[in-house]
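Observations on chain architecture
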Amino acid sequence: MSTDADDLVAAHAALHARFEDALYGVLAALVHVDVDGARARLDAFDASITAHMTWEDATVLPAYAPLAPSDGPGRADHVAGDRVILARNVSAAKEAIAALTSTATATATATAS
């Protein structure tokens, strides 16, 4: 028999799996040289993960912090650090996709000339 907590944990895990799938969608678009599609997918991911982390900051993390282990994986400062790393990686990916767009535009302009 599941509890409300079990259901919440399962729903949260499913949501995180969808975020992971969204990132694979960005990679798939890049593999197919669909830079515009990759940018759109990454922008959608960024908006949804930012909203989710805002919700977690207000709801989940205050409840989790007193329960978090004091050492090792799962420490509250590890969770905070992971969030910083995620934000940096999304920013770096956006910059890389922008660079691809700039390069593609420059190449197309040079080829047309």
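See the structure shown above.
I will try to describe carefully the structure that is included in this document. (Residues numbered from 1 in each chain as written. Predicted model: local features only at pLDDT ≥ 70, side-chain atom pairs only at ≥ 80, totals over all residues. Heavy atoms only, no water.)

1. So, the pattern of salt bridges
Side-chain pairs of opposite charge can arise whenever the charged atoms involved come near each other. This model, assessed by the stated rule, comprises 7 salt bridges. The partner of D43 in a salt bridge is K94, with the nearest N and O atoms 3.5 Å apart. Here D43 is found in helix 2 (residues 35-64), whereas its partner K94 is found in helix 3 (residues 76-112), with 51 residues between them in sequence. Of the residues examined, K94 reaches a relative accessible area of 30% and is grouped as partly exposed. Here D77 and R75 are joined by a salt bridge, their closest N and O atoms 2.6 Å apart. (Salt bridge = Lys/Arg side-chain N within 4 Å of Asp/Glu carboxyl O. Helix = DSSP H or I, 4+ residues; strand = E, 2+ residues; numbered from the N terminus. Buried < 20%, exposed > 50% of the residue type's maximum accessible area, 1.4 Å probe, protein only.)

2. Re the nonpolar core
Burial of nonpolar side chains together is a common tendency in soluble globular proteins. Counting residues in each nonpolar core, the largest one holds 11 residues, listed as F19, V26, A29, V35, A38, L42, F45, I49, M53, V90 and I97. For this core, the elements supplying multiple residues, two or more each, are helix 1 (4-31), helix 2 and helix 3. If you tally residues by element for this core, the top one is helix 2, at 6 residues. (Core = buried A, V, L, I, M, F, W, Y, C linked by side-chain atoms within 4.5 Å.)

3. Structural notes on the side chain of H52
Examined against the element boundaries, H52 turns out to sit in helix 2. By relative accessible area, which is 7% here, H52 ends up buried. Here the side chain of H52 touches H12 through a polar contact of 3.4 Å, side chain to side chain. Setting aside anything within four residues of it in sequence, one finds H52 in contact with H12, L15, H16 and F19. (Polar contact = N/O pair within 3.5 Å; in protein donor to acceptor, adjacent residues only side chain to side chain. Contact = heavy atoms within 4.5 Å.)

4. A few points about the packing of helix 1 against helix 2
Axis separation between helix 1 and helix 2 bottoms out at 8 Å; the angle between their running directions is 160 degrees. Taken together, the axes of helix 1 and helix 2 lie roughly antiparallel to each other. Seen along the crossing, helix 1 lies across helix 2 with a hand that is left-handed. Each of H12, L15, H16, F19, A22, L23, G25, V26, A29 and L30 in helix 1 lies in contact with helix 2, whose residues at this interface are G37, A38, R41, L42, F45, S48, I49, H52, W55 and E56. Of the residues belonging to the contact of helix 1 with helix 2, the class tally is 12 nonpolar, 6 polar and 2 charged. (Axes fitted to C-alpha atoms, helices over the stretch in contact; angles between N-to-C directions. Parallel < 35°, antiparallel > 145°, perpendicular 65-115°, else oblique. Left-handed = near helix turned anticlockwise from the far one by under 90°. Nonpolar A, V, L, I, M, F, W, Y, C, P; charged D, E, K, R; others polar.)

5. Things to note about the layout of surface pockets
To find leftover empty space, one rolls a probe the size of a water molecule over the atoms. Here the largest pocket is characterised by a volume of approximately 540 Å³. Surrounding the largest pocket, 20 residues form its lining, H12, H16, E56, V60 and R83 being those nearest its centre. When residues of the lining of the largest pocket are assigned to their parent elements, the largest contribution, 9 residues, is made by helix 2. Grouping the constituent residues of the lining of the largest pocket by class yields 15 nonpolar, 2 polar and 3 charged. Estimated volume of the second largest pocket: approximately 210 Å³. Of all the elements in the fold, those that place two or more residues in the lining of the second largest pocket are helix 1, helix 2 and helix 3. Per-element accounting of the lining of the second largest pocket gives the leading share, 7 residues, to helix 3. For the lining of the second largest pocket, the per-class residue count stands at 12 nonpolar, 1 polar and no charged. (1 Å grid on protein atoms, 1.4 Å probe; cavity = no way out; pocket = protein on both sides within 12 Å on 5 of 7 lines; lining within 4 Å. Points joined across faces, edges and corners; volume = space filled by probe spheres on them.)

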